[in-house]
Amino acid sequence: MNGNFLEFAKLCINNGLLSTIYNVWPNPWDPIVWKMIGSFMIFELFLQRCMPGKEFKATITAGGNVPVYKANGMASYVTTILTLLVLTYMDIIRPALVYDKMGEIISSMNVFALSFCTMLLIKGHVAPTNSDSGSNGNIVIDFYWGMELMPRIFGFDVKMFTNCRSGMMFWAVGIICFAHKNMELNDGVLNIGMAVNVTLQLIYITKFFYWEMGYMCSMDIQHDRAGYYICWGCLVWVPSVYTSHSFYLAGHAPEISPLTAAAIFVFGVAMVWINYDSDNQRYVFRQSGGECIIWGRKPNKIIAEYTTANGEIKKSLLLLDGWWKISRHFHYMPEILASLCWGLPALNTAVVGPYFYTFYLTILLVDRAFRDDDRCRRKYGKYWDKYCAEVPNLIVPYVL
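Values in this document were obtained by computation on a predicted structure and should not be read as measured data.

**Q** What is the right way to look at the overall build of the chain in this model?
**A** Counting its regular elements, the chain contains 17 helices and six strands. The C-alpha atoms of the chain give a radius of gyration of 22 Å, which matches the 21 Å a tight globule of 400 residues would have. The buried share among the 400 residues of the chain stands at 50%. Sequence-distant contacts, at least 24 apart, represent 75% of the contacts inside the chain between residues at least 6 apart.

Encoded structure:
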């Protein structure tokens, strides 16, 4: 259907939704695919455990626990990419096979992810890792949202593996493989639009792994439990949807002028940098206890008190300067605009397909902004009201 969602909709109307899905659903039991998945996961687990890194203590949880991680994400990321390039250069692997088998990979990962989430549900009931766990009283909700906040299995942090070393790492590996397919289809020449698409994403992903310990203090890790919502999302949704524009461009990239490519690239890099700088401002602010310099001066802040689940009174600092003076979730704005740049090399060659990720990301981040605001209001009470009075915009100034 060449990335055309309208064609898929017509097919569903003519043949029925379930019949269409049944007819197009790839085989989830391809042994070659399971070998690819297994090799990738074992390699990433090895790097997560064995790659050296400093100890990092994340933000204290609502249950009073302090998660401890090994900060080796960047080293693992660089090692993964170099390994892929070396194996390709030595003709040991053919990266384009990932493109050829992408349907089977996603189908198989559905099987793995659903089984994995079921195991997490059982573990949460019989052997929770710490006090940041518990049942919602409904097995369906427990499966969907998860039982544990930060489960560990054989010493491996589950969310670091699913979110970072599986989902985000495949994002990088997958788009490089798709670029290789594009070169196969174009007599060894990489389309300029494909090059812009992949390079911008690799810059973004490199930023992510450089800042990985900051992510381990984010809402995904600190507040969303490890269930279907997070784990299936990172094991299946991220590899399929986050790479969708690159998958489309691998076989359908139109010719664009060098000037157009340069404009998209420069704007995309600017958005990735602003996204990183805003995240880093808050991270440095928190790690330094507010004793830092932001935009040339010591930042304004609110000292907010809150009570943990075990009754302890704690304090947090709320940043009132830099990018965070513009809106309470300013960093979402450049992230959405950066994602738009990944689809722009497709121009208007397909309906929705290359831009689906941007539509999805906008909905996801707006929802997350409202959820985070609600959580902070319940956590900080009057202090959050004071913060909102100082920073009245949620994401986009004068709009939302």
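Let's pick the thread back up.
**Q** Can you walk me through the packing of helix H8 (residues 158-185) against helix H9 (residues 192-210) in this structure?
**A** For any two helices packed against each other, one specifies the inter-axial angle together with the distance between the axes. Orientation of H8 relative to H9, taken along the N-to-C sense of each, is 160 degrees, at an axis distance of 10 Å. When the axes of H8 and H9 are compared, the pair comes out roughly antiparallel. Here H8 and H9 pass one another in a crossing that is left-handed. Contact residues: H8 offers Cys164, Arg165, Met168, Met169, Trp171, Ala172, Ile175, Ile176, Phe178, Ala179 and Asn182, while H9 offers Met194, Val198, Gln201, Leu202, Tyr204, Ile205, Phe208 and Phe209. Per-class residue counts for the contact of H8 with H9 are 16 nonpolar, two polar and one charged.

**Q** Please clarify how unusual backbone geometry should be interpreted in this entry.
**A** With the exception of glycine, the majority of residues adopt a negative phi angle, and the majority of peptide bonds are in the trans configuration. We note that Asp91 has phi near 60 degrees; this positive angle belongs to a residue other than glycine. Position of Asp91 relative to the elements: it lies in the loop between helix H4 (73-89) and helix H5 (96-100). Residue Asp91 is classed as exposed on the basis of its relative accessible area, which comes to 68%. Look at Phe154: it is not a glycine, yet its phi comes out positive at around 55 degrees. If you trace the backbone, Phe154 turns up in the loop between strand E3 (152-153) and strand E4 (156-157). On the accessibility criterion, Phe154 (78% relative accessible area) is exposed.

**Q** Could you clarify how one ought to interpret a nonpolar patch on the surface in this entry?
**A** A cluster of nonpolar residues, Val86, Tyr89, Met90, Ile92 and Ile93, forms a patch on the protein surface that exposes about 550 Å² of accessible area. Following the sequence through the fold, Tyr89 ends up in helix H4.

**Q** I would appreciate a short explanation of the side chain of Ser76 in the present structure.
**A** With respect to the helices, strands and loops of the structure, Ser76 is situated in helix H4. By relative accessible area, Ser76 is classed as buried at 0%.

**Q** Honestly, the pattern of salt bridges in this entry has me stumped. Any pointers?
**A** Opposite charge on two side chains permits them to pair, given that their charged atoms come into close proximity. Counted under the stated rule, the structure contains 17 salt bridges. Close ionic contact of Arg152 with Asp157 constitutes a salt bridge, the shortest N to O distance being 3.4 Å. Overall, Arg152 belongs to the partly exposed group, its relative accessible area being 30%. Connected through salt bridges with shared partners, the residues Arg94, Asp100, Lys181 and Glu184 form a single ionic network.

**Q** Sorry if this is basic, but what is going on with the side chain of Ser218 here?
**A** Summarising the element assignment, Ser218 is placed in the loop between helix H10 (212-215) and helix H11 (219-222). The buried category is assigned to Ser218, whose relative accessible area is 16%. Side-chain polar atoms of Ser218 contact the backbone oxygen of Tyr215, separated by 2.6 Å.

**Q** I'm lost on the packing of helix H15 (residues 332-343) against helix H16 (residues 356-380) in this one. Help?
**A** Put simply, H15 and H16 touch, their axes get as near as 9 Å, and they point 170 degrees apart. As far as their axial angle goes, H16 and H15 are roughly antiparallel. On the side of H15, the interface is formed by Tyr332, Glu335, Ile336, Ser339, Leu340 and Trp342, while H16 contributes Tyr357, Thr358, Leu361, Thr362, Leu365, Arg368 and Ala369. Grouping the amino acids of the contact of H15 with H16 by side-chain chemistry returns eight nonpolar, three polar and two charged.

**Q** I tried to follow the environment of Val24 on my own but got confused; where do I start?
**A** Mapped onto the elements, Val24 comes out in helix H2 (residues 17-24). Each C-alpha atom, one on Val24 and one on Leu84, is 30 Å from the other, the two residues being 60 residues apart in sequence.

**Q** Looking at this structure, how should I read the nonpolar core?
**A** Looking at soluble globular proteins, one finds that nonpolar side chains tend to be buried together. Of all hydrophobic cores here, the largest spans 92 residues; its most connected members are Tyr69, Trp171 and Ile205. Per-element tally for this core: the top contributor is H8, with 15 residues. With near-sequence residues (within four places) excluded, Trp171 lies in contact with Gln201, Tyr204, Ile205, Tyr242, Thr243, Trp342 and Tyr357. In terms of nonpolar packing, the next biggest core, distinct from the first, is built from twelve residues, Tyr306, Leu320, Cys388 and Val391 among them.

**Q** What should I look at first to understand the packing of aromatic side chains in this one?
**A** All chains considered together, the criterion is met by 34 aromatic pairs. Taking the centre distance of 4.5 Å and the plane angle of 25 degrees together, the rings of Tyr99 and Phe247 count as stacked. One end of the pair, Tyr99, is in helix H5; the other, Phe247, is in helix H13 (residues 244-252), and 148 residues separate them in sequence. Of the residues examined, Tyr99 reaches a relative accessible area of 16% and is grouped as buried. Residue Phe247 is classed as partly exposed on the basis of its relative accessible area, which comes to 31%. Centre to centre, the rings of Trp342 and Tyr357 are 5.8 Å apart; their planes meet at 15 degrees, and the pair counts as stacked. Remark: Tyr357 occurs in helix H16 and Trp342 occurs in helix H15; sequence separation between them is 15 residues. On the basis of relative accessible area, Tyr357 is assigned to the buried category, the value being 1%. For the cation-ring pair, Arg49 lies above Phe156, with the distance from its terminal atom to the ring centre recorded as 4.0 Å. Across the ring face of Tyr306, the terminal group of Lys379 is positioned such that the distance to the ring centre comes to 4.3 Å.

Rules of the game
- Within each chain, residue numbers correspond to sequence positions counted from 1 in written order.
- Whole-chain, interface and lining totals are the exception, using all residues; otherwise, since this is a predicted model, local features are given only for residues with pLDDT of at least 70 and side-chain atom pairs are given and counted only at 80 or more.
- Note that water and hydrogens are dropped before the side-chain values are worked out from all heavy atoms of the structure.
- Helix and strand assignments come from DSSP, with helices taken as H or I runs of at least 4 residues and strands as E runs of at least 2, each series counted from the N terminus.
- With the radius of gyration taken over C-alpha atoms, the globule rule is written as 2.2 Å times the number of residues to the power 0.38.
- Think of it in three bands: residues with accessible area under 20% of the maximum for their type are buried, residues over 50% are exposed, and the middle band is partly exposed, with areas taken using a 1.4 Å probe on protein chains only.
- Residues count as neighbours in contact if any of their non-hydrogen atoms are within 4.5 Å of one another.
- To obtain an axis, a line is fitted to C-alpha atoms, over the contacting stretch when the element is a helix, and the angle between two such axes runs from 0 to 180 degrees between their N-to-C directions.
- Oblique is the label for any angle not covered by the other classes, which are roughly parallel (under 35 degrees), roughly antiparallel (over 145) and roughly perpendicular (65 to 115).
- Left-handed is the label given to a crossing in which the near helix is rotated counterclockwise from the far helix by less than a right angle, and right-handed is the label when the rotation is clockwise.
- Polar here means any residue other than Ala, Val, Leu, Ile, Met, Phe, Trp, Tyr, Cys and Pro, which are nonpolar, and Asp, Glu, Lys and Arg, which are charged; Gly is therefore polar.
- Exposure above 30% relative accessible area and the absence of a salt bridge qualify a residue for a patch, where like charges join within 9 Å and nonpolar side chains (Val, Leu, Ile, Met, Phe, Trp, Tyr) within 5 Å.
- Reported accessibility uses the Shrake-Rupley method at a 1.4 Å probe radius. Residues are deemed covered only where the shown protein chains occlude them.
- Any carboxyl oxygen of Asp or Glu within 4 Å of a side-chain nitrogen of Lys or Arg constitutes a salt bridge here.
- Counting of polar contacts relies on pairs of N or O atoms within 3.5 Å, with two restrictions inside protein: one atom must be capable of donating a hydrogen and the other of accepting it, and residues adjacent in sequence are counted only when both atoms are side-chain atoms.
- Only buried residues count toward a nonpolar core. Its members are Ala, Val, Leu, Ile, Met, Phe, Trp, Tyr and Cys residues joined through side-chain atoms within 4.5 Å.
- Here is the rule: rings of Phe, Tyr and Trp (six-membered ring for Trp) pair when centre to centre is within 6.5 Å. Planes less than 30 degrees apart are stacked, more than 60 are edge-to-face, and the remainder are tilted.
- We count a charge as sitting over a ring when the NZ of a lysine or the CZ of an arginine lies within 6 Å of the ring centre and within 35 degrees of the ring normal.

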